[in-house]
Amino acid sequence: MKQLGIGVIGMGGFGLFAVQQFLQHPNTRLVAIAGSKREEAVRTAERFGAEQLATLDELVQHPDVDIVYIATPPFLHFEQAMLALEAGKHVICEKPLAMNPEEGRQMLAKAKEKGLLMVTNLMQRYNPLFARVKHLVEANLLGDFLHGYFENYAGDEGLSPQHWFWDRTKSGGIFIEHAVHFFDLFAGWFGEGEVVAAQLSKRPNSDDVEDQVQATVRYGTAEKGHQYVNFYHGFTQTGRMDRQEMRLVFERGDITLHEWVPTRMVLRCVADEATTKALMDLFPGAQLNVTANIDPSKPIGGRHKTFSAYQQIELKFGFEVEKQHRYSELLRLMFRDQAAAIAQPDVHRIIAEENGLTSLELAFAADQLARKQ
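Quick caveat, the model's predicted, so the values are computed rather than measured. (Residues numbered from 1 in each chain as written. Predicted model: local features only at pLDDT ≥ 70, side-chain atom pairs only at ≥ 80, totals over all residues. Heavy atoms only, no water.)

## So, the overall build of the protein
This is how the line gets drawn: Under the DSSP-based scheme used, a helix requires at least four consecutive residues in state H or I and a strand at least two consecutive residues in state E, with every element numbered from the N terminus. C-alpha atoms define the radius of gyration, and 2.2 Å times the number of residues to the power 0.38 defines the globule rule. A 1.4 Å probe rolled over the protein chains alone gives each residue an accessible area, and that area as a share of the maximum for its type sets the label: buried under 20%, exposed over 50%, partly exposed in between. Throughout, a contact is declared for two residues whenever any of their heavy atoms are within 4.5 Å. Throughout, the Shrake-Rupley method with a 1.4 Å probe supplies accessible areas, and for residues the shown protein chains are the sole cover considered. Asp and Glu are treated as the negative residues and Lys and Arg as the positive ones, with His and the ends of the chain left uncounted. Where a charge lies is defined by one atom per residue type, namely NZ (Lys), CZ (Arg), CG (Asp) and CD (Glu).
Counting secondary structure elements, the protein contains 11 helices and 17 strands. Relative to the 2.2 N^0.38 estimate, which gives 21 Å for 373 residues, the radius of gyration of the protein is 22 Å and therefore close to what a compact globule would have. Judged by the C-alpha coordinates and their principal axes, the protein covers about 75 × 55 × 40 Å. Expressed as a percentage of the 373 residues in the protein, the buried residues total 52%. A fraction of 70% describes how many contacts in the protein between residues 6 or more apart in sequence connect residues 24 or more apart. Surface summary for the protein: the accessible area is close to 17300 Å², and the carbon and sulfur share equals 48%. Separation of charge centres in the protein, based on 39 positive and 48 negative side chains, amounts to 2 Å.

## Brief notes about the pairing of strand β9 (residues 210-221)
Note the following rule: Two strands pair under a simple rule: DSSP has to find at least two bridges between them.
Of the pairings in the sheet, the one linking strand β8 (residues 194-202) to β9 comprises eight bridges and is antiparallel in character. In the sheet register, Leu 200 faces β9, and the bridge partner there is Val 213. Where β9 and strand β10 (residues 225-237) come together, 10 bridges link them in antiparallel fashion. Across the sheet, Gly 220 pairs through a bridge with His 226, a residue of β10. Hairpin geometry of β9 and β10 is characterised by an intervening segment of three residues between the two adjacent antiparallel strands.

## Let's talk about the sheet that holds strand β14 (residues 287-293)
Note the following rule: The axes are straight lines fitted to the C-alpha atoms, using for helices just the contacting stretch, and the angles between their N-to-C directions are given from 0 to 180°.
Strand order in the open sheet made by the nine strands is β8-β9-β10-β7-β11-β12-β13-β17-β14, with mixed pairing throughout. In this open sheet, the two edge strands, each paired with only one partner strand, are β8 and β14. Here the strands of the sheet are splayed against their neighbours by 10° on average, with no regard to which way each runs. Contacting β8 and β9, helix α11 (residues 353-372) crosses the sheet at an angle of about 55° to β8.

Right under this line is the structure:
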């Protein structure tokens, strides 16, 4: 197997975190770093025996670089990715793909023209909880999906007033810089969504700092019924209170997922014996608590439907998982998927080029609508 050479643009703290996972893929090495003179970049170059290059042109023209990993602020993604693609290099880019869908479409068109990857690091779909929830939805184990919410109470202690995150010309705003992860996650469960409402809040006594956003996205069809999901992102917390929660509500129960890389799940429902077995098979090792016994001879109901159940239960799953370890695992899986596609271009990928663009389109629509309010 040919050795896969990585070149990195923007080696900061997160860049190092990600690259350490990528380099665990067999026959992969860090060739060069450019675009950063940070202490992390210098140390990383020394650690892995990589070249510290002065310019991006040198990096994308390097004969041993096969794939360029871009970990810079969003406003640089378009220019840097196009430079790499023009030089014939595959690209993995941190989210978002670009600052707006037009840039994103140009990037994907260039990649297609050159026969190259242009992938956004939306690693959430590699989470085993994502696949388990997707199966639960598709198998209709808790009945029809009705409603959902996503709430991200993010810490901002590490984001000084001068940080590029608060500058819309550099970040694109919270929807574009941050929400793309979760728009893609829900699209994987429920298909394409449409933004029907969006708002933003500005921090009082600030220089126009937007620190809270929310949007309502509609899924499904008029024929089969619409479902609405509320998304909230607030960068307002002390780091110790940084947390995330999402809930999916079904006809016969609900699921709550915790952490921004979901690791812990609590499922509450009423179930018959077959459903209980199916849930325990889907979430092996889950802790099952019986909340109440139900007489199965007396049907229960909701939404003008009746069904039988013999108990009300609660399942707890994933509480032993370390969030950062799971995050590391998802990065390794994402890179392995893309490396396989470089070796065999027709291989199926869990995350491909269109994920970066469709999530950006939804985020851009939410941002535009919020700014009109």
